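Listed below are the residues making up each chain.
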Amino acid sequence: EDQVTQSPEALRLQEGESSSLNCSYTVSGLRGLFWYRQDPGKGPEFLFTLYSAGEEKEKERLKATLTKKESFLHITAPKPEDSATYLCAVLYRDDKIIFGKGTRLHILP
Amino acid sequence: EPEVTQTPSHQVTQMGQEVILRCVPISNHLYFYWYRQILGQKVEFLVSFYNNEISEKSEIFDDQFSVERPDGSNFTLKIRSTKLEDSAMYFCAIAPAAGNEQFFGPGTRLTVL
């Protein structure tokens, strides 16, 4: 069965405490993997696209990496404003897309 | 980053009524998508639309749902006879090409009573 699993479901960190979020996937015909940030009551905000294993993308305190089975979103020295739900989505085959349930990240000041 | 607006921001309707949700992309992107997110659950793909045709749809997108671009700019999602379980946030998204990143609108909260 095609699926996307994100872990942990929730993560509380102290400001400045680096960590990683995981997105593992089992789909056939991966075409791309996307990371989004979602604030409560709002639409997902695009962060990164990764297309092939070994690819890495960086933006401010965030860095996304991709292997053949999973992707990581590394957050370095997070700030309270990084608190949000981080979503992973996988595009596969023709134009099918599956989202994970997300990781709720809370950064304590 | 492309902008997408959605109207209304909140729609309350009675079960069995028809609703039309609207999406207005502020760009010339060609690929359109609708998603829904039931409170506390994951974002679920409904349908993708390109060149005035549905290119992909999920099992959720049954005969009660339809999409169209009536005037070449607005992109609408119609639910013919709403059910209680249709209550959710509905997001429109646009992309410059298939397989590219999608940019989401702020969503319409649909409440079916």
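The structure this text deals with has already been given above.
One structure accompanies this document, and this report is about it. (Residues numbered from 1 in each chain as written. Chains lettered and ligands numbered in written order. Predicted model: local features only at pLDDT ≥ 70, side-chain atom pairs only at ≥ 80, totals over all residues. Heavy atoms only, no water.)

**A few points about the state of the cysteines**
Residues and elements named next belong to chain B.
Then step 1. Under the definition given, this model contains two disulfides over all chains.
Then step 2. Across the disulfide, cysteine 23 is cross-linked to cysteine 92 (sulfur-sulfur distance 1.9 Å). Classification of the bridge connecting cysteine 23 and cysteine 92 rests on its S-S torsion, roughly -55 degrees, and on that basis the disulfide is left-handed. Within this pair, whereas cysteine 23 is found in strand 3 (residues 19-26), its partner cysteine 92 is found in strand 9 (residues 88-95), the two being separated by 69 residues in sequence. (Disulfide = S-S within 2.5 Å. Helix = DSSP H or I, 4+ residues; strand = E, 2+ residues; numbered from the N terminus.)

**Concerning the sheet that holds strand 1 (residues 3-7) of chain B**
All names here are of chain B.
Then step 1. With respect to topology, four strands assemble into an open sheet ordered 1-3-8-7, the strand pairing being antiparallel. Of all the strands in the sheet, just strand 1 and strand 7 (65-68) have a single pairing partner and so form its edges. Geometrically, the sheet is characterised by an average inter-axis angle of 20 degrees between neighbouring strands, direction not taken into account.
Then step 2. Pairing analysis gives five bridges linking strand 3 to strand 8 (residues 75-79), with the strands arranged antiparallel. (Pairing = 2+ DSSP bridges. Axes fitted to C-alpha atoms, helices over the stretch in contact; angles between N-to-C directions.)

**Let's talk about the interface of chain B and chain A**
Then step 1. On the chain A side, the residues contacting the 20 residues of chain B number 21 residues.
Then step 2. Taken together, both faces of the contact between chain B and chain A bury some 1,600 Å²; the carbon and sulfur share is 54%.
Then step 3. The tally of links from chain B across to chain A stands at one salt bridge.
Then step 4. The shortest N-O distance in the salt bridge between Lys96(A) and Glu56(B) comes to 3.0 Å.
Then step 5. On the surface where chain B and chain A come into contact, there are four residue pairs in polar contact (both at pLDDT 80 or more). (Contact = heavy atoms within 4.5 Å. Buried area = accessible area lost by both parts, 1.4 Å probe. Salt bridge = Lys/Arg side-chain N within 4 Å of Asp/Glu carboxyl O. Polar contact = N/O pair within 3.5 Å; in protein donor to acceptor, adjacent residues only side chain to side chain.)

**Overview of the environment of Lys57(B)**
All names here are of chain B.
Then step 1. Considering the arrangement of structural elements, one finds lysine 57 in strand 6 (residues 53-57).
Then step 2. Judged by relative accessible area, lysine 57 falls into the partly exposed class, the value being 48%.
Then step 3. Along the primary structure lysine 57 and leucine 46 are separated by eleven residues, whereas in three dimensions their C-alpha atoms are 5.7 Å apart.
Then step 4. Beyond its immediate sequence surroundings of up to four residues, lysine 57 is in contact with Phe45, Leu46 and Val47. (Buried < 20%, exposed > 50% of the residue type's maximum accessible area, 1.4 Å probe, protein only.)

**As for the packing of aromatic side chains**
Then step 1. In the structure shown here, the tally under the stated rule is 16 aromatic pairs over all chains.
Then step 2. Summarising the aromatic geometry, the rings of Tyr35(B) and Phe104(B) are spaced 5.1 Å apart at their centres and angled 40 degrees between planes, so their arrangement reads as tilted. Taken together, the residues Tyr35(B) in strand 4 (residues 31-37) and Phe104(B) in strand 10 (residues 103-104) connect sequence positions 69 residues apart.
Then step 3. Of the residues examined, Phe104(B) reaches a relative accessible area of 12% and is grouped as buried.
Then step 4. On the numbers, 5.1 Å between centres and 40 degrees between planes, the contact of Phe49(B) with Phe75(B) is tilted. Residue Phe49(B) is found in strand 5 (residues 44-50), and its partner Phe75(B) is found in strand 8; the two are separated by 26 residues along the sequence. Taken individually, Phe49(B) and Phe75(B) each receive the classification buried, so the pair is uniform in this respect.
Then step 5. Taken together, the ring pairs connect Phe34(A), Tyr36(A), Phe46(A), Phe99(A), Tyr33(B), Tyr35(B), Phe45(B), Phe91(B), Phe103(B) and Phe104(B) into an aromatic cluster. (Phe/Tyr/Trp six-rings, centres within 6.5 Å; stacked < 30°, edge-to-face > 60°.)

**Section: the pattern of salt bridges**
Then step 1. For the structure on display, the rule yields seven salt bridges over all chains.
Then step 2. Residue Lys63(A) is joined to Glu56(A) by a salt bridge in which the shortest nitrogen-to-oxygen separation is 3.4 Å.
Then step 3. Taking the relative accessible area as the measure of exposure, Glu56(A) reaches 48% and is therefore partly exposed.
Then step 4. Across the salt bridge formed by Arg36(B) and Glu44(B), the nearest N and O atoms sit 3.0 Å from each other. Neither Arg36(B) nor Glu44(B) differs from the other in exposure class; each is buried.

**Observations concerning the sheet that holds strand 7 (residues 62-66) of chain A**
All names here are of chain A.
Then step 1. The antiparallel open sheet is built from five strands, whose spatial order is 1-3-8-7-6. Looking at the sheet topology across the chains shown, the edges are occupied by strand 1 (3-7) and strand 6 (56-59). Sheet twist, expressed as the average angle between the axes of neighbouring strands with direction ignored, equals 15 degrees.
Then step 2. Of the strand pairs in this sheet, strand 6 and strand 7 are connected by four bridges, and their pairing is antiparallel. Note on strand 7: the bridge partner recorded for lysine 59 is leucine 62.

Geometry only, nothing functional implied.
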